[in-house]
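Here are the chains, one letter per residue:
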Amino acid sequence: MTHHYLAIDIGASSGRHIVGWQEDGELRTAEVYRFKNGVTQQDGHLTWDLTRLEREVRAGIDASLERYPRIESLSVDTWGVDYVLMRGDEPVTPCYAYRDSRTDESIPKVHEIIPFGELYARTGIQFQSFNTIYQLYADKLAGRLEGATGWLMMPVYLMWRLCGGKAHEYTNASTTGLVNAATREFDRDITDKLGLPGELFTGLSQPGAILGQYKGINVVLCPTHDTASAVEGIPMEGNELFLSSGTWSLLGAKLPKAVTTPESLKSNFSNEGGVGYIRYLKNIMGMWMVNNLRDELCPGDDFGAIVAGAEQSAYPGLVDVTAQRFMAPGSMSGEMDAALTESGFRGPESPGDYFRCAYRSLARCYGESVREIERLTGSQYHALYIVGGGAKNQYLNRLTEEETGLKIIALPIEATALGNLRCQMSAAGENI
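Here the structure is a predicted model, which is why all the values come from computation and not from measurement.

Basis of the calculations
- Residues numbered from 1 in each chain as written.
- Predicted model: local features only at pLDDT ≥ 70, side-chain atom pairs only at ≥ 80, totals over all residues.
- Heavy atoms only, no water.
- Buried < 20%, exposed > 50% of the residue type's maximum accessible area, 1.4 Å probe, protein only.
- Helix = DSSP H or I, 4+ residues; strand = E, 2+ residues; numbered from the N terminus.
- Contact = heavy atoms within 4.5 Å.
- Pairing = 2+ DSSP bridges.

A. Examining helix H10 (residues 287-297) more closely. Among the residues making up H10, those that are buried are Met287, Trp288, Met289, Val290, Asn292 and Leu293. The inward-facing, buried residues of H10 contact strand E13 (241-245), helix H11 (303-312), helix H12 (332-342), helix H13 (351-377) and helix H14 (394-404).

B. Representation of the environment of Ala338. Here Ala338 is to be found in helix H12. Separated by 13 residues in the primary sequence, Ala338 and Arg325 place their C-alpha atoms 10.0 Å from one another.

C. Highlighting unusual backbone geometry. Of note, the amide linkage connecting Thr93 to Pro94 takes the cis form, showing an omega dihedral of 5 degrees. Inspection of the secondary structure puts Pro94 in the loop between strand E8 (90-91) and strand E9 (95-96). Phi is positive for Asp43, which is not a glycine, with a value near 55 degrees. Among the structural elements, Asp43 can be located in the loop between strand E4 (40-42) and strand E5 (45-48). Among the residues examined, Asp43 registers a relative accessible area of 74% and is labelled exposed. Phi at Lys215 takes a positive value of approximately 50 degrees, unusual for a residue other than glycine. With respect to the helices and strands, the residue Lys215 is situated in the loop between strand E11 (210-214) and strand E12 (217-220). A residue is classified by how much of its surface remains accessible, and Lys215, at 51% relative accessible area, is exposed.

D. Up close: the pairing of strand E16 (residues 278-284). Counting buried positions along E16 yields seven of seven residues, so the element is predominantly enclosed. Residue alternation in E16 divides its side chains into two sets, Ile278, Tyr280, Lys282 and Ile284 and Arg279, Leu281 and Asn283, and both sets are buried. Of the pairings in the sheet, the one linking strand E14 (residues 249-255) to E16 comprises seven bridges and is antiparallel in character. Across the sheet, residue Leu255 finds its bridge partner in E16, namely Ile278. Relative to E16, strand E15 (residues 270-273) is paired through four bridges, and the arrangement is antiparallel.

Structure (structure tokens):
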């Protein structure tokens, strides 16, 4: 009998329901449902529409059951760091999105209590203004933690709405900046120093745990952080580097233990949880820049035309794609203009100039990050596996090969969904 499994993979801009099964020893998949996602503006803040997300998740499950009436299990993965505060069984709204600026006040206050060097030595998580630790402290400053009985990171919140089971899943919890890199549990010294309610930080669950059932389907924890699932979905030969190329670019390596040295801190690398290993990586702005430029400069163009324009351009300017200024600008092209002027470059004169700058700047950052990883880990790598939407961009892949000096293995596959499915199959006892 063929057993079917459902991966619900939700990114910052879209979500998809993909059914998987084994056939002739291979993992086969079929996309059943896809929907758009995005932040909403509410009272001057960027938020997630929880009601709409849940509605889309349920609609996709129904569509999957219409095509595959018997599904063994399902699981949800999403981006990291974001969560839903709970008071009993009621969510505390609004649910803020990670690009919101509400942490501007909380970041310095957290660092007054615990210097970032100490945080990094304990958690190994790189500084990002949206890290959960700063979001939760912003909630404390705003009084939102009063009466809170719990919190669920986004994918588990959605699964709880389906089956009633609650958990803190390790791979996603590791993105919070609150998990000790050595013990791989919540660091109570950090939460106590910050005055965060201790009862909110219970034990962590590993991928494979069953939360409950929905319409006769087991609801199972996959690696619920999408990058953790993506790495599990890469058919990698040996231990080489990976690049999950989407809204964010996550470039890194699989290591047996965290690297939390001062040199690693200075290079702003992160130690996130994987399935039995540490994902040592750097968060890079990724296709966020390109997608914003497209929306602003040429919303009717497909990416084939955009890449062709970039290839025809000879614009020499480069920007730092890790700069905070590109996180949520009012105008991506305007922010790039300012950054380029500050660096002594003339302004771009055509859309192709902007896209060439963005692609070359990304590739340059990939090259610098590869050299940093090799220096910080003492290892030498020979290949870079690229998955996600960016893997389809042959122009960017060529630039990346030139900048990194590595063999580029571009796999335009739904790696996140594949990793999600593989972990579900493994939990069910299937060898895949």
